[in-house]
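Structural features, examined
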Number of protein chains: 2
Amino acid sequence: MADEALFQFLHSEIIQYVNTAETGESENGRCVSKLENMGFRVGQGLIERFTKDTPRFKDELDVMKFICKDFWTSVFKKQIDNLRTNHQGIYVLQDNKFRLLTQLSAGKQYLEHAPKFLAFTCGLVRGALSNLGVKSIVTAEVSVMPACKFQVMIQKM
Amino acid sequence: MADEALFQFLHSEIIQYVNTAETGESENGRCVSKLENMGFRVGQGLIERFTKDTPRFKDELDVMKFICKDFWTSVFKKQIDNLRTNHQGIYVLQDNKFRLLTQLSAGKQYLEHAPKFLAFTCGLVRGALSNLGVKSIVTAEVSVMPACKFQVMIQKM
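An account of the accompanying structure is given in this report. Given the structure is predicted, the values throughout are model-derived calculations rather than measurements.

Thoughts on the interface of chain A and chain B
Counting residues at the interface gives 27 residues for chain A and 27 residues for chain B. A combined buried area of about 2,700 Å² lies between chain A and chain B, and 73% of that area is made up of carbon and sulfur atoms. Across the pair Glu13(A) and Arg41(B) runs a salt bridge, and its minimum N-O distance is 2.6 Å. Across the contact surface, chain A and chain B share two residue pairs in polar contact (both at pLDDT 80 or more). Elements with a minimum of two residues in the side of chain A that touches chain B: helix H1 (2-21), helix H2 (27-50) and helix H3 (60-76) of chain A. It is H1(A) that contributes the most residues to the side of chain A that touches chain B, 13 residues altogether.

Here we look at the packing of helix H3 (residues 60-76) of chain B against helix H4 (residues 114-131) of chain B
Residue and element names in this part refer to chain B. Where H3 contacts H4, the two axes come as close as 11 Å, and the packing angle between them is 130°. Classed by the angle they form, the pair H3 and H4 counts as oblique. The two elements H3 and H4 cross, and the hand of that crossing is right-handed. Contact residues: H3 offers Val63, Met64, Ile67, Phe71, Trp72, Val75 and Phe76, while H4 offers Thr121, Leu124, Val125, Ala128 and Leu129. Its residues assigned to classes, the contact of H3 with H4 shows eleven nonpolar, one polar and no charged.

Points about the sheet that holds strand S1 (residues 82-85) of chain A
Residue and element names in this part refer to chain A. Taking strand neighbours across the sheet as the criterion, the four strands line up as S1-S2-S4-S3 in an open arrangement whose pairing is antiparallel. Each edge of the open sheet is held by one strand with a lone partner, namely S1 and strand S3 (136-141). Put simply, the sheet's adjacent strands are angled 15° from each other on average, direction ignored. Contacting S3 and strand S4 (148-154), helix H4 (residues 114-131) crosses the sheet at an angle of about 155° to S3.

A short note on the side chain of Thr51(A)
Residue and element names in this part refer to chain A. Here threonine 51 lies in the loop between H2 and H3. At a separation of 2.6 Å, a polar atom in the side chain of threonine 51 contacts the main-chain carbonyl oxygen of isoleucine 47. In this structure threonine 51 touches Phe57, Phe66 and Leu132, once residues within four positions along its chain are discounted.

Points about the sheet that holds strand S2 (residues 90-95) of chain B
Residue and element names in this part refer to chain B. If you walk across this open sheet you meet the four strands as S1-S2-S4-S3, and the pairing is antiparallel. One side of each edge strand has no neighbouring strand; the edge strands of this open sheet are strand S1 (82-85) and strand S3 (136-141). Across the sheet, the mean angle from the axis of one strand to that of its neighbour is 15°, orientation sign disregarded. Bridge count between S3 and strand S4 (residues 148-154): six bridges; the pairing is antiparallel. Of the residues in S4, the one forming a bridge with valine 138 is valine 152. Contacting S1, S2 and S4, H3 runs over the sheet at an angle of about 15° to S2. Sheet strands in contact with H4 are S3 and S4, and its direction is about 155° off that of S3.

Some remarks on the relation of the copies chain A and chain B
With an RMSD of 0.0 Å, the operation that places chain A on chain B is a rotation of 180° combined with a shift of 0.0 Å along the axis. Both copies are brought into coincidence by an operation consistent with a two-fold rotation axis. Here 100% of the contact residues of chain A are again contact residues in chain B; the copies associate through an equivalent surface.

Examining the environment of Pro115(A)
Residues and elements named next belong to chain A. You can see proline 115 is positioned in helix H4. Note on proline 115: relative accessible area 44%, which makes it partly exposed. Spatially, the C-alpha atom of proline 115 lies 14 Å from that of asparagine 37, the residues being 78 residues apart in sequence.

Some points on the pairing of S2(B)
Residue and element names in this part refer to chain B. With five of its six residues buried, S2 lies for the most part within the structure. Note that S1 and S2 share four bridges and pair antiparallel. Bridge pairing in S2 links leucine 83 to leucine 93. The hairpin formed by S1 and S2 contains four residues between the paired strands, and histidine 87 there has a positive phi angle of roughly 60°. Bridging between S2 and S4 involves six bridges; their strand directions are antiparallel. In the sheet register, aspartate 95 faces S4, and the bridge partner there is cysteine 148.

Criteria and thresholds
- Each chain has its residues counted from 1, running along the sequence as written.
- A letter from A marks each chain and a number from 1 marks each ligand, given out in the order of writing.
- The model is predicted, so local features are restricted to residues of pLDDT at least 70 and side-chain atom pairs to those at 80 or more, both for listing and for counting; the totals for chains, interfaces and linings are taken over all residues.
- Excluding hydrogens and water, the side-chain values take into account all heavy atoms of the structure.
- By definition in these notes, contact holds between two residues if any of their heavy atoms fall within 4.5 Å.
- Take the accessible area each of two parts loses on contact, using a 1.4 Å probe, and add the two losses: that sum is the buried area.
- For this document, the term salt bridge refers to a Lys or Arg side-chain nitrogen within 4 Å of an Asp or Glu carboxyl oxygen.
- Polar contacts here mean pairs of N or O atoms no more than 3.5 Å apart (in protein, one a potential hydrogen donor and the other a potential acceptor; neighbouring residues in sequence count only if both atoms are side-chain atoms).
- Numbering goes from the N terminus for both helices and strands, where a helix is a DSSP run of H or I of at least four residues and a strand is a run of E of at least two.
- Each axis is a line fitted through C-alpha atoms, taken for helices only over the stretch in contact, and angles between the N-to-C directions span 0 to 180 degrees.
- For classification purposes, an angle smaller than 35 degrees is called roughly parallel, one larger than 145 roughly antiparallel, one from 65 to 115 roughly perpendicular, and anything else oblique.
- Put simply, a crossing is left-handed when the front helix is turned counterclockwise from the back one by less than a right angle, and right-handed when it is turned clockwise.
- In this classification, the charged set is Asp, Glu, Lys and Arg, the nonpolar set is Ala, Val, Leu, Ile, Met, Phe, Trp, Tyr, Cys and Pro, and all remaining amino acids, among them Gly, are polar.
- DSSP-based pairing: two strands are paired if at least 2 bridges between them are found.
- Alignment of the copies relies on least squares applied to C-alpha atoms, considering only residues that score at least 70 for pLDDT in both.
- In this scheme, a residue with accessible area under 20% of its type's maximum is buried, one over 50% is exposed, and one in between is partly exposed, where area comes from a 1.4 Å probe on protein chains only.

Following this line, the structure appears as structure tokens:
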């Protein structure tokens with residue numbers, strides 16, 4: 001519980017700091033992209049540690065399952081609740097109680113702030129996948145807090 | 001190990017980001033003070049969780065012991081190696097292998113970067129103490145990496 005709290009508090013601080021530091025016309029977009037970039041590098045670092053002793057992955061789906069189970073559990077203390085794919089390079093990862101959103105009130109008026117709270121994690125997934133040789137675009141959407149969906153679009157080389 | 005890595009990577013990212021964002025004449029000082037402030041708020045949050053179920057502390061020394069043992073172990077996975085005090089409000093906490101410095105090379109040429117890697121933790125301790133009713137000033141010094149000393153000066157109200 002302690003580690004979790006540390007990560008959550010630190011994550012909130014970063015959002016707040018980046019949000020204040022990035023002032024300018026397109027501030028919100030820049031804030032989100034800075035957070036995404038931080039997540040990317042953290043994801044790259046983490047996946048290296050996590051996969052140090054795992055056997056080579058069979059295929060893309062195998063990689064995605066690892067992200068949904070082992071990776072998610074390490075970072076967010078729970079698995080992804082639902083993984084869907086169209087078998088053409090699009091994966092949807094649904095987390096019904098996303099830990100970084102549980103601190104926010106569930107009211108509809110806060111939905112506009114959700115992107116800031118998801119950007120780091122989008123980057124985290126993109127970074128992890130990138131270091132496993134899978135190039136992707138990761139986006140997130142929230143309809144009802146604290147549930148959220150991450151969409152991973154694999155970029156074929 | 002996973003959580004630890006997450007915290008370490010995130011901590012590095014913050015330092016890097018804050019260091020880049022705070023440009024200006026006194027940039028280094030501002031970077032350190034921003035990091036210290038983030039640590040302060042995270043420390044405040046953490047100590048609330050950690051002490052939820054602990055009995056009331058006897059005195060100042062009791063509080064310091066809690067910081068050195070329980071608090072340090074939760075955050076850095078080890079206890080403080082040595083706690084000294086002059087019994088007049090100054091405490092010196094020595095960590096012989098401070099986790100946030102182990103990523104840096106031990107060469108002397110990197111000593112000048114050490115303050116950036118200690119600022120967050122100084123704030124963390126100050127924030128934790130503050131929420132336990134102990135007002136303090138916390139500074140840190142490194143002579144040989146990755147050992148470091150945190151000096152806590154209690155401010156009498």
